[in-house]
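Structural features, examined
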Amino acid sequence: MSLDINKSYKAILSGARQGRFVSYGEVAAASNVEWKKARRPLPLQLDHLVQISHDRGWPLISAIVVNKDNIESGNLEGESLTGFMAAVKKIGLAVDDPQAFLREQQQAVFVWAKTAPDELGMPSNNEDDAGGPRFVHYFNPVLEALRAQGGSATPDKVFVWIQERHDIPEAEIAGLNKGGQSKFENKVAWARFYLAKAGLIDAGKRGVWALTSEGLNTSLSHGEALKIFHDIQSQFKTAENEEEPAPDIVTGQELFSDSERRFWFVGASWGGTDDQTERFYSEGIWQNGLHNKFTDEIQRMKPGDKIAIKASFVRKHNLPFDNRGQPVSCMRIKAIGTITENMGDGKTVKVDWNVLDPPRDWFFYTYRVTLVEADPNDEMARRLIAFAFAGAKQDYDFWIRQPYFAKKYGPEQETHDLDELFENDVLETEEEAAAPSYTVDNIIDDGCFLGQEEIDRILARIDSKRNLVLQGPPGTGKTWLAKRLAYVLLGSKDPKVTRDRLRVMQFHPSLSYEDFIRGWRPSGDGKLALIDGVFLEIVEAAKAEPDRPFVLVIEEINRGNPAQIFGEVLTLLEDTKRNREEAMELAYRRAPGERVYVPRNLYVIGTMNIADRSLALVDLALRRRFAFVSLEPQFNAFWREWCVKCSLKEDFVALVENRITALNGEIGQDRSLGPQYRIGHSYVTPAAALTGDAQEWFGQIVRTEIVPLLEEYWFDAPEKVVAAQQKLLEGF
């Protein structure tokens, strides 16, 4: 059963006469149609009611139909408001303030309802055959034919099914189009083309027509089919001549025929608020904004490349899928175009723009950085490309099944603090990569005793190698520096950012491949389940947000057995293998043929204490895939300046430096120890300004931290420990 516009009118009128707002579900129920089946056609019908209201001189009766969560307030938000205003624009009304216009219409509907006609008087189910090409009549029969055959069928079976159940003119069956194909078959193929554009048919496989999950639950009246036709034709400039052969490829595969073509998603807001969109349209250009980033990427843009202007949001309400109350990232595609010329200045390209009116919203897999090149070899990016540049419909079921999003929006989704939950749509900044809030300067200010050039060199090694180990004697600040390097890579140390994109763990002798990568683990129902470990979790997260860096910090990376813990993934960590072509099967597969790769936006930083006798030598395969940076005890000018800032007197700082340096000299020359056993500066560096006696502070460190360490070093020479303690505390 399909929605009956007359029954929808009565449901809305009844609510209006009671002075209340009406939910979408109430309107669907009036036609005895389940919500999941009404979700697609209902917005089309409400748009039609806007047109009817306008034609008859009524207030726009669709204005009082709202989401069930807003039944008390009457608010329209997100796509609901966008859709309503798009319908308003189509009837020729110019609106400056959408919310004020909405409230005005709602109040007018309540007043009008008192004297409104009881019946709408439209043909039942909108079965008005006037208007539109002949192939629009085949929209619903194609859906019916596929549904009757289990959801998918070859074209010839669809043709036969429709001929057997519908009265097709003989001239249409016998007549041939320009390509020599039956006019009937060509019209059905055109219907399939538009249904695929509308997201009701998945045209990804040649030779097979298959319904999407939405198509399985959709029936169309002629009026609803005609609305789909007009919307798609106006938005994507599709042809109306049904005598032309219907396109065989409809969801973007033709975009990928040229292996040299690139796909760019770009922002148009300079500084986050200065929107350049209209200027870009009018001048036929796209231009980078207020900083010098992305010069290399812009130089690679070339004529023929596809480009889209996007804006990023967080959405929580009125979504076309069940987000279980969680905020969802949204990317609004405002215009698409083809690059016609690169100006060569690393800043500007000329573009032939096609403005999308209304714009289209894409969810889950979004780009928030100003400029991103989408990889057509990646399935997720490929779906986005088809959505943006070929009008394909986003398959929400596919995205919710992806591991990263399934965890966030599945039945056992993560919980969030109240301050994370957005009550309204929130514009995200596109300048995140350009203006990070945590930089190398912040590392130095936090108390790092390496110079800026040295930190820059370490970051350069991380950027080129993707994997790095900080090694050194105890107390040289390996873990401290690893986390702050991660903050620089992320551009922030805000917990809301680091909680999602920074994972910190420690290797230990009991850790296994099954814990770190994937293995069979007990589940809540008392059975074994295949559970992803920390590494695969952050891999999936990095794939889901490819324009943002993710960092995994592994403390004491050599305390476990790295070769056993990483397994085959050790190969995938290599910088040259960070792509889909190098994907490998895991020891534990979720499905036959499942392959995994490590994305380039995931960085791994390990720490390693080289003075622990209990640890085995690091596997050579691990050494080949990681860059190693050695940290030394830093009793230098930076350290002295920090100590003085923490209320230690200069002469006392010099005394501590001399005594620890002397002890380190003795340790370094000891044949049973060596330089790797020296005492690091962290032992004698105050975290903040001291309020007590400095000598007492130093004495406590010596007695409770340094001497116990020396007792481990010289377990067979206690006299050395006693002598060292006396030298350190002499005069105290």
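To be clear, the structure that these remarks concern was listed above.
Below or above, wherever it landed, is the structure these notes cover. Small disclaimer: the values here were computed from a predicted structure and weren't measured. (Residues numbered from 1 in each chain as written. Predicted model: local features only at pLDDT ≥ 70, side-chain atom pairs only at ≥ 80, totals over all residues. Heavy atoms only, no water.)

So, the overall build of the protein chain
Applied cut-off: Strands here mean DSSP runs of E at least two residues long; helices mean DSSP runs of H or I at least four residues long; both are numbered from the N terminus. Throughout, a contact is declared for two residues whenever any of their heavy atoms are within 4.5 Å. For accessible areas, the Shrake-Rupley method is used with a probe of radius 1.4 Å. Any residue's cover is judged against the shown protein chains and nothing else. None of His or the chain ends enter the tally, which takes Lys and Arg as positive and Asp and Glu as negative. Charge positions are represented by NZ for Lys, CZ for Arg, CG for Asp and CD for Glu.
The secondary structure content of the protein chain amounts to 30 helices and 21 strands. Here the C-alpha coordinates of the protein chain stretch approximately 110 × 60 × 55 Å along the principal axes. Here the analysis covers contacts within the protein chain between residues at least 6 apart in sequence; of these, 72% occur between residues at least 24 apart. Carbon and sulfur atoms make up 49% of the accessible area of the protein chain, which totals about 32900 Å². Of the side-chain charges in the protein chain, 88 are positive and 109 negative, and the distance between the mean point of each set is 2 Å.

Brief notes about the nonpolar core
The condition is simple: Only buried Ala, Val, Leu, Ile, Met, Phe, Trp, Tyr and Cys residues count toward a nonpolar core, and they belong to the same one when joined by side-chain atoms within 4.5 Å. Each residue is placed in one exposure class: buried if its accessible area under a 1.4 Å probe, protein chains only, is under 20% of its type's maximum, exposed if it is over 50%, and partly exposed if it falls in between.
Residues F265, W286, F516, F535 and F566 are the most contacted members of the largest nonpolar core, which totals 89 residues. Grouped together as the second largest cluster of nonpolar side chains are 40 residues, L3, L13, I52 and I91 included.

Some details on the sheet that holds strand 16 (residues 502-506)
Note the following rule: Two strands make a pair as long as DSSP finds a minimum of two bridges between them. For every element, the axis is a line fit to its C-alpha atoms; helices are fit only across the contacting stretch, and the angle between N-to-C directions ranges from 0 to 180 degrees.
Spatially, the five strands line up as an open sheet ordered 16-19-20-15-21, and their pairing is parallel. Pairing within the sheet leaves two strands with one partner each, and these edge strands are strand 16 and strand 21 (627-630). The mean angle between the axes of side-by-side strands here comes to 20°, regardless of whether they run parallel or antiparallel. The pairing of strand 15 (residues 467-472) with strand 20 (residues 602-609) spans six bridges and is classified as parallel. Its bridge partner lying in strand 20, V469 is registered against G606. Strands in contact with helix 23 (residues 534-544) are strand 16, strand 19 (550-555) and strand 20; relative to strand 19, the strand with the most contacts, it is inclined by about 165°.

A word on the pairing of strand 10 (residues 306-315)
Of all 10 residues in strand 10, nine are buried; the element is thus mostly enclosed. Across 10 bridges, the pairing between strand 10 and strand 11 (residues 328-342) is antiparallel. By the bridge assignment, K310 is partnered in strand 11 with I333.

Observations regarding the packing of helix 1 (residues 5-17) against helix 4 (residues 41-55)
Operational definition: Here the angle decides the label: under 35 degrees means roughly parallel, over 145 means roughly antiparallel, 65 to 115 means roughly perpendicular, and every other value means oblique. Three classes are used, and their members are as follows: Ala, Val, Leu, Ile, Met, Phe, Trp, Tyr, Cys and Pro are nonpolar, Asp, Glu, Lys and Arg are charged, and the others, Gly among them, are polar.
Two elements in contact, helix 1 and helix 4, have axes separated by 11 Å at closest approach and are oriented at 75°. Looking at the two axes, helix 1 sits roughly perpendicular to helix 4. Taking contact as the criterion, the partners of I5, S8 and I12 in helix 1 are, on helix 4, Q45, L46, H48, L49 and I52. Looking at the contact of helix 1 with helix 4 residue by residue, the classes come out as five nonpolar, three polar and no charged.

Things to note about the layout of surface pockets
To find leftover empty space, a probe the size of one water molecule is rolled over the atoms. Which entries qualify depends on this criterion: Detection works on a 1 Å grid of protein atoms alone, calling trapped sets that fit a 1.4 Å probe cavities and calling open sets with protein on both sides within 12 Å along at least five of seven lines pockets, with lining residues defined by an atom within 4 Å of a point. Grid points are joined across faces, edges and corners, and a volume is the space filled by probe spheres set on the points.
The calculated volume of the second largest pocket comes to roughly 1500 Å³. R466, P546, D547, N601 and Y603 are the residues nearest the centre of the second largest pocket, which is lined by 46 residues in total. Put simply, the parts of the chain that give the lining of the second largest pocket at least two residues each are helix 14 (295-300), strand 13 (371-374), helix 19 (452-465), helix 20 (478-490) and helix 23. Residue composition of the lining of the second largest pocket, by class: 22 nonpolar, six polar and 18 charged.

Some details on the pairing of strand 20
Burial of strand 20 is extensive: eight of the eight residues sit out of reach of the surface. Side chains of strand 20 alternate between two faces, with L602, V604, G606 and M608 and Y603, I605, T607 and N609 buried alike. Here strand 19 pairs with strand 20 via five bridges, running parallel. Note that in strand 20 the partner of V551 across the bridge is Y603.

Description of the state of the cysteines
Spelled out, the test is: By convention in this document, the label disulfide applies to cysteine sulfur atom pairs within 2.5 Å.
Taken as a whole and judged by the stated rule, the model has zero disulfides. Free of any disulfide, C646 has its nearest cysteine sulfur in C643, 6.7 Å distant. The exposure class of C646 is buried, given its relative accessible area of 3%.

Some thoughts on the pattern of salt bridges
Rule in force here: Criterion for a salt bridge: a side-chain nitrogen of Lys or Arg within 4 Å of a carboxyl oxygen of Asp or Glu.
By the definition in use, this model includes 34 salt bridges. A salt bridge links D378 to R580, with the nearest nitrogen and oxygen atoms 2.8 Å apart. Remark: R580 occurs in the loop between helix 25 (569-572) and strand 20 and D378 occurs in the loop between strand 13 and helix 15 (379-390); sequence separation between them is 202 residues. A relative accessible area of 9% means that D378 is categorised as buried. Since its relative accessible area comes to 32%, R580 is described here as partly exposed.

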